Amino acid sequence: MFEVIKLLFDICLFKKGPQDLPPSVWLLRLLIVIDVIVSFLMVSIRTDWLNSLLQAIASALLIVGFSWLMLYVSRKPERFYQTSCAILGTDALISFFALPGMASMMIGRGALPAFILTIALMIWHWAVTGHIFRNALGQTWTFSLGLAFLYILGSYQVMALLFPEVAGVK
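Just so it is clear, the model here is predicted, and its values are computed rather than measured. (Residues numbered from 1 in each chain as written. Predicted model: local features only at pLDDT ≥ 70, side-chain atom pairs only at ≥ 80, totals over all residues. Heavy atoms only, no water.)

Caption draft 1: Region of interest: the overall build of the chain. When helices and strands are counted, the chain shows 6 helices and 0 strands. The order of α-helices and β-strands along the chain, N terminus first, is α-α-α-α-α-α. In terms of overall dimensions, the chain is globule-like: its C-alpha atoms have a radius of gyration of 16 Å, near the 15 Å expected for 170 residues. Its C-alpha atoms give the chain principal-axis dimensions of roughly 45 × 30 × 30 Å. Sorting the 170 residues of the chain into buried and exposed places 42% on the buried side. Across the chain, contacts joining residues at least 24 apart in sequence account for 66% of those joining residues at least 6 apart. Of the roughly 9400 Å² that the chain leaves accessible, carbon and sulfur atoms contribute 72%. With 11 positive and 8 negative side-chain charges, the chain shows a spacing of 5 Å between the two charge centroids. (Helix = DSSP H or I, 4+ residues; strand = E, 2+ residues; numbered from the N terminus. Rg over C-alpha atoms; globule rule 2.2 N^0.38 Å. Buried < 20%, exposed > 50% of the residue type's maximum accessible area, 1.4 Å probe, protein only. Contact = heavy atoms within 4.5 Å. Areas by Shrake-Rupley, 256 points an atom, 1.4 Å probe, with all protein chains shown as cover. Lys, Arg positive; Asp, Glu negative; His and termini not counted. Charge placed at Lys NZ, Arg CZ, Asp CG, Glu CD.)

Caption draft 2: Expanded view of the side chain of Asp-10. With respect to the helices and strands, Asp-10 occurs in helix α1 (residues 2-12). Judged by relative accessible area, which is 12%, Asp-10 ranks as buried. The residues touching Asp-10, leaving out its near neighbours within four places in the chain, are Lys-15 and Lys-16.

Caption draft 3: Quick look at the layout of surface pockets. Taken as a whole, the largest pocket encloses approximately 1000 Å³ of empty space. At the level of elements, α2 (25-43), α3 (49-73), α4 (80-107), α5 (111-137) and α6 (141-162) are the ones that each hand at least two residues to the lining of the largest pocket. Quantified by volume, the second largest pocket comes out at close to 170 Å³. Along its surface, the second largest pocket is lined by Met-1, Ile-5, Leu-8, Leu-31, Ile-34, Val-38, Gly-89, Ala-92, Leu-93, Phe-96 and Phe-97. (1 Å grid on protein atoms, 1.4 Å probe; cavity = no way out; pocket = protein on both sides within 12 Å on 5 of 7 lines; lining within 4 Å. Points joined across faces, edges and corners; volume = space filled by probe spheres on them.)

Caption draft 4: Here's a closer look at the nonpolar core. With 37 residues, the main nonpolar core has Leu-8, Ile-11, Leu-21, Leu-88 and Phe-133 as its most contacted residues. Elements represented by at least two residues in this core include exactly α1, α2, α3, α4, α5 and α6. Per-element accounting of this core gives the leading share, 10 residues, to α4. Setting aside residues no more than four positions away along its own chain, Leu-8 makes contact with Leu-21, Leu-31, Cys-85, Ala-86, Gly-89, Thr-90 and Leu-93. (Core = buried A, V, L, I, M, F, W, Y, C linked by side-chain atoms within 4.5 Å.)

Caption draft 5: Fine view of the environment of Leu-28. Along the chain, Leu-28 falls in helix α2. With relative accessibility at 8%, the residue Leu-28 sits in the buried group. For Leu-28 and Leu-88, which are 60 residues apart along the polypeptide, the C-alpha to C-alpha distance reads 8.3 Å. Leaving out residues up to four positions away in the same chain, Leu-28 has contacts with Phe-80, Tyr-81, Ser-84, Cys-85 and Leu-88.

Caption draft 6: Just the packing of α1 against α4, in detail. Viewed as axis vectors pointing N to C, α1 and α4 meet at an angle of 80°, and their least axial separation amounts to 9 Å. As far as their axial angle goes, α4 and α1 are roughly perpendicular. Contacts between α1 and α4 involve Leu-8, Phe-9, Ile-11 and Cys-12 on the former and, on the latter, Cys-85, Ala-86, Gly-89, Thr-90, Leu-93, Ile-94 and Phe-97. When grouped by side-chain class, the residues that make up the contact of α1 with α4 number 9 nonpolar, 2 polar and no charged. (Axes fitted to C-alpha atoms, helices over the stretch in contact; angles between N-to-C directions. Parallel < 35°, antiparallel > 145°, perpendicular 65-115°, else oblique. Nonpolar A, V, L, I, M, F, W, Y, C, P; charged D, E, K, R; others polar.)

Caption draft 7: Fine view of unusual backbone geometry. The phi dihedral of Phe-14 is positive, around 65°, even though this residue is not glycine. You can see Phe-14 is positioned in the loop between α1 and α2. Owing to a relative accessible area of 36%, Phe-14 belongs among the partly exposed residues under this scheme. Although it is not a glycine, Arg-75 sits at a positive phi angle of roughly 60°. For Arg-75, a relative accessible area of 72% gives the class exposed.

Function cannot be inferred from these measures alone, as they are strictly geometric.
In C-alpha cells, the structure reads:
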C-alpha cells in the first residue's frame, strides 16, 4: 500500500502518470472507499452525516462515471482502472490536505490564510486532474486542462442539482 501512496504523491507532483498504477479492480474499490471517507469528512464540516455520506458517494460515482465515459469516447477503455484510481487517489490526497483549511474557515479562525490555501489546493487539484487526463488520453496539456476544468465545473453543477443545499438553493 505504501507504494500506491507514493505513486499517488508522485502523480500529484507531476512525476508519474496514471499508467504507473496497477490496473486493479481491488485497488479501484479500495480507493473508492478511501475517497468516500475523505470526502465525507470534508463535507461533514458543513452538513449532517447522512447528507455528507450521500454527497461523498455521489462524488465518487461522478469520478468513476466520467472516467469511464471519457475513456470510452476516446476508445481507450483499457485505461479505465488506472485512470479512475489516479483521479480517486489524488482527489483523496488533496482533499485530505484541504481538511484543516476548510475546518479553519468554518470556525472563522485564520479565515483569509485558509481561504488562500484552499484556492491554491483547488488550482493544484485542477492541474493534477489535467495531468491525469493528458496521460490517459494522450492529448495536449491545454486540451487536458480544459477537459479537467469542464469536468470539475460539471461535477459541481451535478452536485448542486442533486444537493441544492450545497449551492445555497432551497
